[in-house]
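# Secondary and tertiary structure notes
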Amino acid sequence: MKGTDNVAIAYFGDGATSEGDFHEGLNFAGVFQTPVVLFNQNNGYAISVPFEKQTNSKTIAQKAIAYDIPSVRIDGNDCFAVYFATKQAVETARKGEGPTLIEAVTWRTGAHTTADDPTKYRPDHLGADKIDPLDRLERFMKKHDYWDAEKIADMEEQRETEVEQAVKEMESYTEANVADMFDHVFNAVPSHLAQQKSAYMEDLKEES
Ligand SMILES: Cc1ncc(C[n+]2csc(CCOP(=O)(O)OP(=O)(O)O)c2C)c(N)n1
Ligand SMILES: [Mg+2]
């Protein structure tokens, strides 16, 4: 919109499409033909809510029709489909031809968070072990002789070192002051928060 060739890409889950913001965003993008790619990761569940209970639409991609935005539904576990659909959408946006909605259909292999237990509400996905995108890419590369075991081992070692360094750096941060979460939201702390804060600080004192 500022006349640069920058493109924005927004990634969001199937759950987010039930929020008003998604529809406002799509409408805005359509009206102003913004250089944006809307990338939906549809893994069939919003925490425990299955897709069928989330929307009456058969797909997320079809929602773009109402806003007259082009959309595409792809196999989200196919690295090439993801790469080429994204590349094309970015090029379209960069040419000034407006937004694209991509629906990448995938499967959440794990829980939504550590507090979530999908075995309580979700049947196993038959063949889930075969659709992991990285495993699929590995099989493809091996089949077509692109797999360089030595290079891969080097990359894995490099990444491991990077992660270890990042963890070390994070662990060296000074400990956060828990009172901060009460102190920097309101100019004048409302009485219920002030009460929560003092009760919480008392609890912490008792625990230590
Ligand atoms: C604006 C807003 N509304 C509701 C929530 C509560 N909430 C957190 S995650 C979630 C579901 C997200 O679904 P999805 O993006 O499909 O994530 P997934 O379960 O696939 O990891 C909800 C409703 C929130 N965090 N923010
Ligand atoms: Mg989801």
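Residues numbered from 1 in each chain as written. Chains lettered and ligands numbered in written order. Predicted model: local features only at pLDDT ≥ 70, side-chain atom pairs only at ≥ 80, totals over all residues. Heavy atoms only, no water.

Before going further, it helps to spend a moment on the overall build of the chain. A tally of helices and strands in the chain yields eight helices and six strands. Reading the chain from its N end, one meets helices and strands in the order β-α-β-β-β-α-α-β-α-β-α-α-α-α. The C-alpha radius of gyration of the chain comes to 23 Å, more than 25% above the 17 Å expected for a compact globule of 208 residues. Projected onto the principal axes, the alpha-carbon positions of the chain cover approximately 60 × 50 × 45 Å. When the 208 residues of the chain are sorted by exposure, 25% land in the buried category. In the structure as shown, the chain presents an accessible area of about 14900 Å², 54% of it carried by carbon and sulfur atoms. The distance from the centre of the 21 positive side-chain charges to the centre of the 37 negative ones in the chain is 7 Å. (Helix = DSSP H or I, 4+ residues; strand = E, 2+ residues; numbered from the N terminus. Rg over C-alpha atoms; globule rule 2.2 N^0.38 Å. Buried < 20%, exposed > 50% of the residue type's maximum accessible area, 1.4 Å probe, protein only. Areas by Shrake-Rupley, 256 points an atom, 1.4 Å probe, with all protein chains shown as cover. Lys, Arg positive; Asp, Glu negative; His and termini not counted. Charge placed at Lys NZ, Arg CZ, Asp CG, Glu CD.)

Attention now goes to the site of ligand 1. In the vicinity of ligand 1, the contacting residues are Gly13, Asp14, Gly15, Glu19, Asn43, Tyr45, Ala46, Ile47, Arg108 and His112. Within the side chain of aspartate 14, one N or O atom sits 2.9 Å away from an oxygen atom of ligand 1. With respect to ligand 1, the backbone of tyrosine 45 contributes an N or O atom lying 2.9 Å from an oxygen atom. Protein burial of ligand 1: of its 600 Å² of free accessible surface, 50% is covered by the chains. Residue composition of the shell around ligand 1, grouped by class: three nonpolar, four polar and three charged. (Near = heavy atom within 4 Å. Polar contact = N/O pair within 3.5 Å; in protein donor to acceptor, adjacent residues only side chain to side chain. Nonpolar A, V, L, I, M, F, W, Y, C, P; charged D, E, K, R; others polar.)

Time to look at the domain arrangement of the chain. The domains assigned to the chain are domain 1 (8–116), domain 2 (132–173) and domain 3 (177–208). Here domain 1 and domain 2 have C-alpha centroids that lie 27 Å from each other. On the domain 2 side, the residues contacting the five residues of domain 1 number four residues. Buried area between domain 1 and domain 2, summed over both chains or domains, comes out near 470 Å², and the portion from carbon and sulfur atoms is 63%. Connecting domain 1 to domain 2 are one salt bridge. Two residues, aspartate 75 and arginine 136, come together in a salt bridge whose shortest N-O distance is 3.1 Å. (Domains from an automatic or database assignment. Contact = heavy atoms within 4.5 Å. Buried area = accessible area lost by both parts, 1.4 Å probe. Salt bridge = Lys/Arg side-chain N within 4 Å of Asp/Glu carboxyl O.)

This next bit is on the coordination of the magnesium ion (ligand 2). Surrounding the magnesium ion (ligand 2) are the protein donor atoms Asp14 (OD), Asn43 (OD1) and Tyr45 (O), at 2.1 Å. Mapping the donors of the magnesium ion (ligand 2) onto the primary sequence gives the spacing D-x28-N-x1-Y. Like tyrosine 45, asparagine 43 is buried. (Donors = N, O, S within 2.8 Å, 3.2 Å for Na, K, Ca; no water.)

Attention shifts here to the nonpolar core. Core analysis: the biggest nonpolar cluster contains eleven residues, these being Phe12, Phe22, Leu26, Ala29, Val36, Leu38, Phe51, Ile60, Ala64, Ile69 and Leu101. Elements supplying a minimum of two residues to this core: helix H1 (20–32) and strand E2 (36–42). Residue contributions to this core peak at three residues, all from H1. Excluding residues within four positions of it along the chain, alanine 29 makes contact with Thr34, Val36, Ile69 and Pro99. Counting residues in hydrophobic clusters, the runner-up holds seven residues, among them Val37, Phe39, Ala89 and Ile102. (Core = buried A, V, L, I, M, F, W, Y, C linked by side-chain atoms within 4.5 Å.)

Turning to its location among the elements, threonine 59 is positioned in the loop between helix H2 (51–54) and helix H3 (63–66). Note on threonine 59: relative accessible area 16%, which makes it buried. Separated by 3.5 Å, the side chain of threonine 59 and the backbone nitrogen of alanine 61 make a polar contact.

It is worth spelling out the sheet that holds E2 at this point. Taken together, the four strands give an open sheet; going across it, the order is E1-E2-E6-E5, and neighbouring strands pair in parallel fashion. Unpaired on one side and paired on the other, strand E1 (8–13) and strand E5 (71–75) mark the two borders of the sheet. Between one strand and the next, the sheet's axes are offset by a mean angle of 20°, whatever the strand orientation. One ladder, built from six bridges, connects E2 with strand E6 (residues 100–105); its direction is parallel. When the bridges of E6 are listed, asparagine 40 appears paired with glutamate 103. (Pairing = 2+ DSSP bridges. Axes fitted to C-alpha atoms, helices over the stretch in contact; angles between N-to-C directions.)

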